[in-house]
Every structure is written in C-alpha cells, then in structure tokens.
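For reference, the chains in residue letters:
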Amino acid sequence: MNWIILILAGCMEVTFTFCLGKAKEASGTEELLWWGGFVGALALSMFLMAKASQTIPLGTVYPIWTGIGAVGSVLIGIFFFNEPATFWRIFFITTLIISIVGLKFLS
C-alpha cells in the first residue's frame, strides 16, 4: 500500500510542477488559482512522501519520489509547454525510469 502512496506522492510532484508552469503563463485570478494548486499539490506530495517513508526506507523513498517527479516534469514540459524532445533527453529519462524500477526491486 505504501508503494501506491509513494507513486501518488510522485504524481503530486508532477502536478505542482504543472501548476507552476501554468502560473507563469497566467495573470490575475487565474494565476492565483494556479498558485493555489501548486501549494496544495506540494503539501499533499510532502504528506504522502512522509507517509510512505514510515515503512519504506527513506533512502529508497526520496530517489523514487524525485525520479517520478523528474520524469513526469520532463514529459509535462514536452507535451504541455512545447519543450524539445531530443534524443538525449529521451535517452536519459529512459535510464532514470530503469533506475527507479531497479530501486523498487532492490527494496
């Protein structure tokens, strides 16, 4: 169950990154709403990561949490913010995914 919580924490990290990107593009009330989403997703991400660390070693939780966030943020950038999808970006994101899966199997 705590692995699911950890995955959700990583997804919330991607969510707050998305909200941050949208807040940069918005203005007025819309900008405030995106900042509210950023703060809410950030708080939920931290809470879920702390919850997962109760049974999963912190040395495993943190790299997986940041790895999910990193991979998700790059994909968000590519699909929503028109960032380049170069060979080397995809190559290194793939190696990061392999590393995350490897940490899961070692735990």
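The rules behind each value
- Within every chain, residues take consecutive numbers counted from 1 along the sequence as written.
- Predicted model: local features are reported for residues with pLDDT of at least 70 only, side-chain atom pairs are reported and counted for 80 or more only, and whole-chain, interface and lining totals are derived from all residues.
- The basis for the side-chain values is all heavy atoms of the structure; hydrogens and waters are excluded.
- Nonpolar side chains (Val, Leu, Ile, Met, Phe, Trp, Tyr) are joined into patches within 5 Å and like charges within 9 Å, using only residues with over 30% relative accessible area and no salt bridge.
- Using a 1.4 Å probe, the Shrake-Rupley method yields the accessible areas, and only the shown protein chains count as cover for residues.
- Take a side-chain nitrogen of Lys or Arg and a carboxyl oxygen of Asp or Glu: if they are within 4 Å of each other, that pair is a salt bridge.
- We count a stretch as a helix when DSSP gives it H or I for four or more residues in a row; a strand needs E for two or more, and each element gets its number in order from the N terminus.
- For each residue, the accessible area found with a 1.4 Å probe, counting protein chains only, is set against the maximum for its type, and the residue is called buried under 20%, exposed over 50%, and partly exposed in between.
- pLDDT is a per-residue confidence score from the predictor, ranging from 0 to 100.
- Here a helix's expected span is defined as the number of its residues, less one, multiplied by 1.5 Å.
- Should any heavy atoms of two residues lie within 4.5 Å, those residues are considered in contact.
- Axes here mean lines fitted to C-alpha atoms, for a helix over just the part in contact, with angles spanning 0 to 180 degrees between N-to-C directions.
- Crossings are classed by handedness, with left-handed meaning an anticlockwise turn of the near helix from the far one by less than a right angle and right-handed meaning a clockwise turn.
- Here is the rule for angles: anything less than 35 degrees is roughly parallel, anything more than 145 is roughly antiparallel, 65 through 115 is roughly perpendicular, and the remaining ranges are oblique.

(A) View of a nonpolar patch on the surface. A surface patch of nonpolar side chains, about 500 Å² in accessible area, is lined by Phe87, Trp88, Phe91 and Phe92. Inspection of the secondary structure assignment puts Trp88 in helix H4 (residues 87-106). Judged by relative accessible area, which is 53%, Trp88 ranks as exposed.

(B) Region of interest: the confidence of the model for the chain. Counting all residues, the mean pLDDT for the chain is 94, and 99% of those residues have values of 70 or more. Summarising per-element confidence for the chain, the mean pLDDT is lowest in H4 (89) and highest in helix H2 (residues 28-52) (97).

(C) Molecular detail of H2. Counted at 1.5 Å a residue, the expected span for H2 with its 25 residues is 36 Å, and the 36 Å between its end C-alpha atoms agrees. Within H2, the full set of buried residues consists of Phe38, Ala41, Ser45, Leu48, Met49 and Ala52. In this structure, the buried side of H2 is in contact with helix H1 (2-25) and helix H3 (58-80).

(D) Seen up close, unusual backbone geometry. Here the phi dihedral of Asn82 falls at roughly 55 degrees; this positive angle occurs in a residue that is not glycine. For Asn82, the location among the structural elements is in the loop between H3 and H4.

(E) Region of interest: the packing of H2 against H3. Taken N-terminus to C-terminus, the directions of H2 and H3 make an angle of 145 degrees; their axes are 9 Å apart at the nearest point. When the axes of H2 and H3 are compared, the crossing they make is right-handed. In this structure, H2 uses Ser45, Met46, Met49 and Ala52 to contact H3, whose residues at the interface are Val61, Tyr62 and Trp65.

(F) View of the packing of H3 against H4. Interhelical geometry of H3 versus H4 gives an angle of 150 degrees and a closest axis separation of 10 Å. With respect to H4, the axis of H3 lies roughly antiparallel. Between H3 and H4 lies a crossing of left-handed hand. Within the contact between the two elements, H3 uses Thr60, Pro63, Ile64, Gly67, Ile68, Ala70, Val71, Val74 and Ile78 and H4 uses Arg89, Ile90, Ile93, Leu96, Ile97, Ile100, Leu103 and Lys104.

(G) Region of interest: the side chain of Asn2. Following the sequence through the fold, Asn2 ends up in helix H1. By relative accessible area, Asn2 is classed as buried at 17%. Not counting residues up to four positions away in its chain, the partners in contact with Asn2 are Lys51, Ala52, Thr55 and Ile56.

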